[in-house]
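# Coordinate inspection notes
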Amino acid sequence: KFPNEANFFDRFFELLYVCKKQALMADYGLIYLEFLLRKKRFDKLTSTFKQINLLVPDYLPDSPVVRVQLATFLRQQGDLKLAVKMLNGMHKLYPDYSDLPAAYTLLAECLNDLPGMQAQAGKCSQMAMQLARRAEAKKVELEMQRQARQATGAPAANTGNPKARRGPPVVASSGLALELVPLDASAVDKA
């Protein structure tokens, strides 16, 4: 009922923390961290994460945006090991995350600041460059596909929107119904 009421979010977090409800905290942690980010309450972000981590020791938020923000603040606070833990393996968990090259650049910077981790930092820098090249190639490919659709007058491809309507066609107010006809696979390959 009150998605922007900070008092409700804060009190529920405090209740879970005081009652040591690990399972609920593991579920609610991401919701609360995202709320803090949305409200730009950066001063509470890392301390809240550390509280969650005390209750749920292996907790990592399941959001690439939250992880990068936390890692940025943790690095600023000098907690490099936790920042590295936050960013490590993101290319496997979130391969479609648009800011993955920046995340790996941040990871390389954190590793570079840790003693004896310069070799790993170099590998992360190379990975960041490789991810940036892939992202650029993907962007070029999508642009070429968009231009090809415009040139042929074909409708835009479905972008994978999870809220896209599925089911029977909608009857328009004129009484006409639209029906989608599946394309022959060979016709798609030629286009």
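Above this text sits the structure in question.
In what follows, the accompanying structure is described. Fair warning: this is a prediction, and the values are worked out from it, not measured in the lab.

Let's shift gears to the overall build of the protein chain. Looking only at helices and strands, the protein chain features 9 helices and 0 strands. For the protein chain, the α and β elements follow one another from N to C terminus as α-α-α-α-α-α-α-α-α. Within the protein chain, the proportion of its 191 residues that are buried is 30%. Counted over contacts in the protein chain with a minimum sequence separation of 6, partners at least 24 positions apart contribute 53%.

Per the counting criterion, the structure on display carries 7 aromatic pairs. Ring geometry for F9 against F35: centres 3.8 Å apart, planes inclined by 5 degrees, an arrangement best described as stacked. Here F9 is found in helix 1 (residues 6-18), whereas its partner F35 is found in helix 2 (residues 22-38), with 26 residues between them in sequence. Assessed through its relative accessible area of 0%, F35 is described here as buried. Look at F13 and Y17: their rings are 6.4 Å apart centre to centre, the planes differ by 15 degrees, and that puts the pair in the stacked class.

Before going further, it helps to examine the nonpolar core. By size, the foremost hydrophobic cluster in this structure holds 46 residues, and its most contacted members are L33, L87, M90 and Y104. Beyond its immediate sequence surroundings of up to four residues, L87 is in contact with R67, V68, A71, A103, Y104, L106 and L107.

In this structure, F73 sits in helix 4 (residues 64-76). Linking F73 and L45, residues 28 residues apart in sequence, is a C-alpha distance of 8.3 Å. Excluding its chain neighbours within four sequence positions, the residues that come into contact with F73 are F42, L45 and T46.

Moving on, we get to helix 3 (residues 42-55). Along its 14 residues, helix 3 runs 21 Å from first to last C-alpha, staying within 8% of the 20 Å computed at 1.5 Å per residue. All of the buried residues in helix 3 are L45, T46, T48, F49, I52, N53 and L55. On the buried face of helix 3, the contacting elements are helix 1, helix 2, helix 4 and helix 5 (80-87).

Across its 35 residues, helix 8 (residues 118-152) extends 51 Å between first and last C-alpha, which sits within 8% of the 51 Å expected from 1.5 Å per residue. Within helix 8, burial applies to A121, C124, M127, A128 and L131. On its buried face, helix 8 is in contact with helix 6 (90-93) and helix 7 (100-113). Immediately beyond the C-terminal end of helix 8, within one or two residues, lies G153, with a positive phi of roughly 75 degrees.

Following both chains from N to C, one finds helix 5 and helix 7 inclined at 150 degrees, their axes separated by 9 Å at the closest point. In terms of orientation, helix 5 and helix 7 fall into the roughly antiparallel class. In the packing of helix 5 onto helix 7, the handedness of the crossing is left-handed. Two secondary-structure elements touch here, helix 5 through L80, A83, V84 and L87 and helix 7 through A103, Y104, L106, L107, C110, L111 and D113. Looking at the contact of helix 5 with helix 7 residue by residue, the class counts come to 10 nonpolar, no polar and 1 charged.

What counts as what
- Residues numbered from 1 in each chain as written.
- Predicted model: local features only at pLDDT ≥ 70, side-chain atom pairs only at ≥ 80, totals over all residues.
- Heavy atoms only, no water.
- Helix = DSSP H or I, 4+ residues; strand = E, 2+ residues; numbered from the N terminus.
- Buried < 20%, exposed > 50% of the residue type's maximum accessible area, 1.4 Å probe, protein only.
- Contact = heavy atoms within 4.5 Å.
- Phe/Tyr/Trp six-rings, centres within 6.5 Å; stacked < 30°, edge-to-face > 60°.
- Core = buried A, V, L, I, M, F, W, Y, C linked by side-chain atoms within 4.5 Å.
- Expected span 1.5 Å × (residues − 1).
- Axes fitted to C-alpha atoms, helices over the stretch in contact; angles between N-to-C directions.
- Parallel < 35°, antiparallel > 145°, perpendicular 65-115°, else oblique.
- Left-handed = near helix turned anticlockwise from the far one by under 90°.
- Nonpolar A, V, L, I, M, F, W, Y, C, P; charged D, E, K, R; others polar.

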